[in-house]
Amino acid sequence: MSLTPELESTRQRISAIARGYGLDFYETIFEILDYKGINQVAAYGGYPTRYPHWRFGMEYDHLSKSYSYGLHKIYEMVINNEPAYAYLLEGNTLVDQKLVMAHVYGHVDFFKNNFSFAHTNRKMMDEMANHATRIRRTIDKHGLEPVEKFIDTCLSLENLIDIHSPFVARSARPDARTEDQGRVDVQRIPTKDYMSSYINPPAYLEQQRQKLEEDRQRKRNFPDAPVRDVLAFLLRYAPLEPWQHEVLSIIREEAYYFAPQAQTKIMNEGWATYWHAKMMTEKILDDSEIIDFADHHSRTMGGASTRVNPYKLGYELYKDIEDRWNKGRFGKEFESCDDMVARAAWDRQLGLGREKLFEVRRFYNDVTFIDTFLTEDFCHRHKMFLYRYNPKTGHYHIASRDFAAVKQAFLAQLTNMGQPLVEIQDANHRNRGELYLTHRHEGIDLKLDEARETLQALQAVWKRPVHLQTVMGDKGKLLSFDGTDHQEKDLRDAAAGEAS
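Residues numbered from 1 in each chain as written. Predicted model: local features only at pLDDT ≥ 70, side-chain atom pairs only at ≥ 80, totals over all residues. Heavy atoms only, no water.

(A) View of the sheet that holds strand 7 (residues 434-440). The sheet built from five strands is open, its strands ordered 6-7-8-9-10 with mixed pairing. Pairing within the sheet leaves two strands with one partner each, and these edge strands are strand 6 (421-429) and strand 10 (486-490). Taking the axes of each pair of neighbouring strands and ignoring which way they run, one obtains an average angle of 25° across the sheet. Helix 9 (residues 230-237) contacts strand 6 and strand 7 of the sheet and is inclined by roughly 25° relative to strand 6. (Pairing = 2+ DSSP bridges. Helix = DSSP H or I, 4+ residues; strand = E, 2+ residues; numbered from the N terminus. Axes fitted to C-alpha atoms, helices over the stretch in contact; angles between N-to-C directions. Contact = heavy atoms within 4.5 Å.)

Spelled out as C-alpha cells, the structure:
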C-alpha cells in the first residue's frame, strides 16, 4: 500500500532534512504493510519474492506467533537496492513512522557509500525474483523433494565463502590442474650423435617423459594454493548435475550479497540510529512528540547487559568519535598524556567531528571500526566486560574487566562474520579424490555438531570422503565423513596412519 498524503508529505520533509545534514542516498520507496504482510516480507529476508523453501514458512510462523504473543514488533525493513525499498508497519503512530523514515535514510546512505557494499548488486530486488523463477522451473522439472533437499545442503555451506574476494584483483591464471609448467625433460645417455637414435630411441624417451609427467601431476598440489571460497571451488570441480550447479550458484550469489550486511551490522545500525536521533530531536519533532520518541528510542537502545546491542554500541561509538575529533582527543600528544585531569579537560576545539564521521562511514567495517575506535576509556564508561556462563548458577558472570581481553574477545566474534575460517588444502587427498580442508583456529573451537553437519553437506556435493583438520582444546583433530560414518582422530594418529 502506498503512503497516505500525510505520510508522503512527512517523507518529503524528512528526506530534505536528511540531505541537509549531508546524507547521500538512493531514491527510497516506502510502502505500508499490515503485520501479516511485514512478517511475510521479513521471513523472506526483506524481499517480497523468494524461491520456495520450507525455512521461509518456518520463519513466518515464528514471527507471526512472536508478534501475537507481544514478544516482538517489526517497525521497519529496508533493502539495499537502487531504488531502495522500505516498509512501514500499518497502525504505527505518526511519531514512530517519522522515526522509521529518518532511520531508513541513514541505512540507505550507508548502503550507498560504505565500501563494503561497493560490489553488491544494486538491482537485487529483480534478481531475487529471477532466482525464484529459475528454482521454480527446476522444481517443475525435477520435483520438489530432491530440489528442496539440495537447497538444504547448499544452505548448510553458504558461509563457506571468501568475504574479501570482491575486493581482491587476482591475475587471471589457467586451471591449476591444466596449466603448463614446462615440458619434462628426460635424462639422455651421453653418446656420439650418430649413435643417438640407437642409444636413446625417441619412442623410449617419449615413454619415459610421459611417465615422469604423470608422476609430477600426481605429486602436484590441487589446488596449488589454499582456497577459501569453497562454494566457488565446488561449482567448478564438484560432479554436479546442471540443475544442481544452477541452484548452488544462486545460493552463493545471495550469500555474497548479504555478507556486507553481516560485516557492518554494528556500524550500519549505529549510523542509522545516530541520524534518526539527531534529525528527530533537532528538526523533526514538535514538543508534543518528544516523550513518545524518547520511549521508542530508549527501547531501541536497551537490551541485556551480557549481549551486544548493535544499535547502542554503534550509536555510542559514533558519538564518541564525533566528540573526540571535535575536541582533538586523538593523536600522539593526547595518547601520551598521563595527567587524568588534563585528559578529562582536553579540548582543542578542532571541530572535525562531522567530517570524521563521514570518513568512518565510508572506509570501515565492524572489525576495523571496533579495532580502531574502541578505546579503554570508552569501555570503562560503558561498563563493557567479558562475561562467561556459569552452568552451576545458570547465570552469566563477569570473567574479566581487562580492556585487552574484552577487545580481543569482541574482535574474535566479529572476524569473518563470526564464522569459522575454513580453507580447502587438497582436493586429491591421498590420491583418492578426497577433499581435505583446514580450520584456521583463532582461539575458538568448532562446534562439533555443526562441523559434522557441514562435512555431511560437503560430502553430498563432492561425492567423495571429506576431511577437516582443526583444533579442539589443545589437540589437533581430524574430522572425517565418508558418506556413512563420522570419524574423529587425533591429528598425529591420522598422520601416522597415512604414513604407514
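(B) Summary view of the nonpolar core. Counting 62 residues, the largest nonpolar core has Met-279, Tyr-318, Phe-369 and Ile-370 as its most contacted members. Among the elements that make up this core, the one with the highest residue count is helix 4 (residues 94-113) (ten residues). Once you skip the residues sitting within four places of it in the chain, Ile-370 turns out to touch Leu-313, Leu-317, Lys-407, Phe-410, Leu-411 and Leu-414. With 49 residues, the next largest nonpolar core counts Ile-139, Cys-154, Phe-233 and Leu-455 among its residues. (Core = buried A, V, L, I, M, F, W, Y, C linked by side-chain atoms within 4.5 Å. Buried < 20%, exposed > 50% of the residue type's maximum accessible area, 1.4 Å probe, protein only.)

(C) Here's a closer look at the pattern of salt bridges. What the rule picks out here adds up to 25 salt bridges. Of the charged contacts, one joins Glu-322 and Arg-354 as a salt bridge, the two residues approaching to 3.8 Å between their closest N and O atoms. Of this pair, Glu-322 sits in helix 13 (residues 310-327) while Arg-354 is found in helix 16 (residues 353-363), placing the two residues 32 residues apart along the sequence. The network of salt bridges with shared partners includes Arg-452, Lys-477, Glu-488 and Asp-490. (Salt bridge = Lys/Arg side-chain N within 4 Å of Asp/Glu carboxyl O.)

(D) Quick peek at the packing of aromatic side chains. Using the criterion set out here, one finds 27 aromatic pairs in the structure. Taking the centre distance of 5.6 Å and the plane angle of 55° together, the rings of Phe-115 and Phe-167 count as tilted. Residue Phe-115 is found in the loop between helix 4 and helix 5 (124-142), and its partner Phe-167 is found in the loop between helix 6 (144-156) and helix 7 (196-199); the two are separated by 52 residues along the sequence. Taken together, the ring pairs in this structure connect Tyr-21, Trp-271, Tyr-274, Trp-275, Tyr-318, Trp-325, Phe-330, Phe-358, Tyr-364, Phe-369 and Phe-373 into an aromatic cluster. Just above the ring of Phe-385 sits the side chain of Arg-401; from NZ or CZ to the centre is 4.9 Å. (Phe/Tyr/Trp six-rings, centres within 6.5 Å; stacked < 30°, edge-to-face > 60°. Lys NZ or Arg CZ within 6 Å of the ring centre and 35° of its normal.)

(E) Examining the pairing of strand 10 more closely. Pairing geometry for strand 9 (residues 475-481) and strand 10, over five bridges, is antiparallel. From the neighbouring strand, Phe-481 faces strand 10, where its bridge partner is His-486. Taking the residues that link successive antiparallel strands as the turn, the strand 9-strand 10 hairpin has four residues, and the phi of Gly-483 there is positive, at about 105°.

(F) Focus on the sheet that holds strand 3 (residues 84-89). The three strands are arranged 1-3-2 in an open sheet whose pairing can be described as mixed. Either end of the sheet is taken by a strand with one partner, and the two such strands are strand 1 (28-33) and strand 2 (76-79). Averaged over all pairs of adjacent strands, the angle between their axes in this sheet comes to 20°, without regard to strand direction. Pairing of strand 1 with strand 3, which is carried by six bridges, proceeds in the parallel orientation. Along strand 3, the bridge assignment pairs Glu-31 with Tyr-87.

(G) Region of the structure containing the pairing of strand 8 (residues 466-472). Of all seven residues that make up strand 8, five are buried, and the element is covered over most of its length. Sheet topology places strand 7 next to strand 8; four bridges connect them, and they run parallel. Bridging from a neighbouring strand, Leu-437 pairs with Leu-468 of strand 8. Here strand 8 runs beside strand 9; their pairing, made up of seven bridges, is antiparallel. Paired with His-467 across the strands is Ser-480, a residue of strand 9. Between the antiparallel neighbours strand 8 and strand 9 lie two residues, among them Gly-473 with a positive phi of about 70°.

(H) Region of interest: helix 10 (residues 242-263). With 22 residues, helix 10 ought to run about 32 Å at 1.5 Å a step, and its terminal C-alpha atoms sit 32 Å apart, in line with that. Along helix 10, the largest kink reaches about 30° and is centred on Tyr-257; proline Pro-260 follows within four residues of it. (Expected span 1.5 Å × (residues − 1). Bend = angle between axes of the 7 residues up to and from the residue.)

(I) Geometry of the packing of helix 9 against helix 10. Running from amino to carboxyl end, helix 9 crosses helix 10 at an angle of 165°, the nearest separation of the two axes being 10 Å. Comparing their axes, helix 10 and helix 9 come out roughly antiparallel. Note that helix 9 runs across helix 10; the crossing there is left-handed. In this structure, helix 9 contributes Leu-231, Ala-232, Leu-234 and Leu-235 to the contact, and helix 10 contributes His-245, Leu-248, Ser-249 and Arg-252. For the contact of helix 9 with helix 10, the residue count by class is five nonpolar, two polar and one charged. (Parallel < 35°, antiparallel > 145°, perpendicular 65-115°, else oblique. Left-handed = near helix turned anticlockwise from the far one by under 90°. Nonpolar A, V, L, I, M, F, W, Y, C, P; charged D, E, K, R; others polar.)

(J) Structural view of unusual backbone geometry. For the bond running from Glu-82 to Pro-83, omega is 5°, close enough to zero to count as cis. By the secondary structure assignment, Pro-83 is in the loop between strand 2 and strand 3. Unusually for a residue other than glycine, Asn-431 sits at a positive phi of about 60°. By the element assignment, Asn-431 lies in the loop between strand 6 and strand 7.

(K) Molecular detail of the confidence of the model for the protein. Averaged over every residue, the pLDDT of the protein is 88; the share at 70 or more is 88%. Mean pLDDT values for the elements of the protein range from 61 in helix 7 up to 98 in helix 16. Within the model, pLDDT remains below 50 along residues 171-182, and this stretch shows 16 contacts once partners closer than five positions in the same chain are excluded. (pLDDT = per-residue confidence, 0-100.)

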